[in-house]
Amino acid sequence: MQENNIFEKTVVFGLGMTGLFIADQIRRNHPDAKILFIGRSDEKSKKVAFSKEIANADYLCTADLSEEETAKKIIEMLGGRASMFIGTSGTNI
């Protein structure tokens, strides 16, 4: 199905309720999707752990990364370029 390809490698910028809700819906409707949350929170924070658990997702902390480093890490973690970007963060990143 074409729509499964769209969500195959999804990046969600932001760990707030909007990002979590969207990631949860993607997971429920596309169980094989690879979901990667991106934020500045520490990997060990409760917010990150909760988000990863709810959406069965991975997480990338960009607190100390440049835009170029972030892009390279996204490709590395997803095993290729993202098929969907969802921006839910209030930061200018």
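Scroll up to find the structure this text is about.
Everything quoted here is computed from the prediction, not taken from an experiment. (Residues numbered from 1 in each chain as written. Predicted model: local features only at pLDDT ≥ 70, side-chain atom pairs only at ≥ 80, totals over all residues. Heavy atoms only, no water.)

Which parts of the structure should I look at to understand the packing of aromatic side chains?
Evaluated as defined, the whole model comprises 1 aromatic pair. Ring geometry for Phe-13 versus Phe-85: centroids 5.9 Å apart, planes at 20°, classification stacked. With Phe-13 in strand β1 (residues 9–13) and Phe-85 in strand β4 (residues 84–87), the pair connects residues that are 72 residues apart, well separated along the chain. The class for Phe-85 is partly exposed, based on a relative accessible area of 47%. (Phe/Tyr/Trp six-rings, centres within 6.5 Å; stacked < 30°, edge-to-face > 60°. Helix = DSSP H or I, 4+ residues; strand = E, 2+ residues; numbered from the N terminus. Buried < 20%, exposed > 50% of the residue type's maximum accessible area, 1.4 Å probe, protein only.)

What is the right way to read the sheet that holds β4 from this model?
Two strands in a sheet stick together by hydrogen bonds in their backbones, pointing the same way (parallel) or opposite ways (antiparallel). If you walk across this open sheet you meet the 4 strands as β3-β2-β1-β4, and the pairing is parallel. On the outer flanks of this sheet lie β3 (58–61) and β4, each paired with one strand and no other. The average angle at which neighbouring strand axes cross in this sheet is 20°, direction not considered. The sheet contact formed by β1 and β4 spans 4 bridges and is parallel. In the sheet register, Val-12 faces β4, and the bridge partner there is Ile-86. Set on the sheet, helix α3 (residues 46–55) makes contact with β2 (34–39) and β3; between it and β2 the angle comes to about 165°. (Pairing = 2+ DSSP bridges. Axes fitted to C-alpha atoms, helices over the stretch in contact; angles between N-to-C directions. Contact = heavy atoms within 4.5 Å.)

Sorry if this is basic, but what is going on with the environment of Glu-8 here?
Along the chain, the position of Glu-8 falls in the loop between α1 (2–6) and β1. A sequence separation of 22 residues divides Glu-8 from His-30, and the C-alpha atoms of the two residues are 8.1 Å apart. Aside from chain neighbours lying at most four places away, what touches Glu-8 is Ala-33, Lys-34 and Ser-83.

Explain the pattern of salt bridges here, please?
Once their charged atoms are close, side chains differing in charge can pair, the charge on each being opposite to the other. Within the structure shown, the criterion is met by 5 salt bridges. Put simply, Asp-24 and Arg-28 hold a salt bridge, and the shortest N to O gap is 2.7 Å. Within this pair, Asp-24 and its partner Arg-28 are both found in helix α2 (residues 17–29), separated by 4 residues, close to a single helical turn. Since its relative accessible area comes to 61%, Arg-28 is described here as exposed. The partner of Lys-72 in a salt bridge is Glu-68, and the shortest N-O contact between them spans 3.3 Å. With a gap of 4 residues between them, Lys-72 and Glu-68 both fall in helix α4 (residues 67–78), about one helical turn apart. In this structure, Lys-72 and Glu-68 share a single accessibility class: exposed. (Salt bridge = Lys/Arg side-chain N within 4 Å of Asp/Glu carboxyl O.)

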